[in-house]
Amino acid sequence: MPIVVFTDPQGQQHQVDVPEGRNLMQAAVDHLVPGILGDCGGVCSCATCHGYVAADYLDKLPPRTETEVYMLEGVPELRDNSRLCCQIRMRPELDGIRIQLPDEQI
Ligand code: FES
């Protein structure tokens, strides 16, 4: 099963198995990874699943949707590699993806 490695705001790494098709926010919440909330349940309306995606995986992701762009405008520290984890569904080519969680969510 593909994995994602989350680094929480305290610098601890969490390796999580994610079934294909599952979104990465839900996978993190299921495994109680600190630093990610997922308040809206994954419908792109809260931005509490913000994370910074490692550069070598950015090209493998679909572009941000208009809604994701809008929601990201409200996060405390927006970066070029900012994504909402609920908008990323696991696919084989994302195996090993690394995501740094921000110091604070919204
Ligand atoms: S969980 Fe709400 S925007 Fe991702």
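Up top you'll find the structure we're talking about.
Scope of this entry: the structure provided in the associated data block. In this text the structure is predicted, and so the values were computed from the model without any measurement.

### Things to note about unusual backbone geometry
For step 1, the next point in the chain: Even without being glycine, Leu-32 reaches a positive phi, approximately 55°.
For step 2, the next point in the chain: With respect to the element layout, Leu-32 can be found in the loop between α1 (24-30) and β3 (50-53).
For step 3, the next point in the chain: Taking the relative accessible area as the measure of exposure, Leu-32 reaches 73% and is therefore exposed.
For step 4, the next point in the chain: Of note in this structure, Cys-44 is not a glycine but carries a positive phi near 60°.
For step 5, the next point in the chain: Here Cys-44 is to be found in the loop between α1 and β3.
For step 6, the next point in the chain: By relative accessible area, which is 7% here, Cys-44 ends up buried.

### Let's talk about the packing of aromatic side chains
The relation between two aromatic rings is expressed through the spacing of the ring centres and the mutual angle of the planes.
For step 1, the next point in the chain: According to the stated counting rule, one finds 0 aromatic pairs in the structure shown.
For step 2, the next point in the chain: Against the face of Tyr-57 rests Lys-60, its NZ or CZ located 4.7 Å from the ring centre.

### Side note on the pairing of strand β1 (residues 3-7)
For step 1, the next point in the chain: Of all 5 residues in β1, 5 are buried; the element is thus mostly enclosed.
For step 2, the next point in the chain: Side chains Ile-3, Val-5 and Thr-7 of β1 all project onto a buried face; the interleaved residues Val-4 and Phe-6 project onto the opposite face, where all are buried too.
For step 3, the next point in the chain: In the sheet, β1 pairs with strand β2 (residues 13-17) via 5 bridges, with the strands oriented antiparallel. Paired with Phe-6 across the two strands is His-14, which belongs to β2.
For step 4, the next point in the chain: If you look at the hairpin formed by β1 and β2, you'll find 5 residues sitting between the two strands, and Gly-11 has a positive phi there, around 90°.
For step 5, the next point in the chain: Pairing analysis gives 4 bridges linking β1 to strand β5 (residues 97-100), with the strands arranged parallel. The residue of β5 that forms the bridge with Val-5 is Arg-98.

### Quick notes on the environment of Gln-105
For step 1, the next point in the chain: Summarising the element assignment, Gln-105 is placed in the segment after β5.
For step 2, the next point in the chain: Accessibility expressed as a relative area gives 12% for Gln-105, which makes it buried.
For step 3, the next point in the chain: Not counting the four nearest positions on each side in its chain, Gln-105 is found in contact with Gly-35, Ile-36, Leu-37, Ala-47, Thr-48, Cys-49, His-50 and Pro-76.
For step 4, the next point in the chain: At 2.9 Å, the side chain of Gln-105 forms a polar contact with the backbone oxygen of Gly-35.
For step 5, the next point in the chain: Polar side-chain contacts of Gln-105 include one of 3.0 Å to the backbone oxygen of His-50.

Rules used in this analysis
- Residues numbered from 1 in each chain as written.
- Predicted model: local features only at pLDDT ≥ 70, side-chain atom pairs only at ≥ 80, totals over all residues.
- Heavy atoms only, no water.
- Helix = DSSP H or I, 4+ residues; strand = E, 2+ residues; numbered from the N terminus.
- Buried < 20%, exposed > 50% of the residue type's maximum accessible area, 1.4 Å probe, protein only.
- Phe/Tyr/Trp six-rings, centres within 6.5 Å; stacked < 30°, edge-to-face > 60°.
- Lys NZ or Arg CZ within 6 Å of the ring centre and 35° of its normal.
- Pairing = 2+ DSSP bridges.
- Contact = heavy atoms within 4.5 Å.
- Polar contact = N/O pair within 3.5 Å; in protein donor to acceptor, adjacent residues only side chain to side chain.

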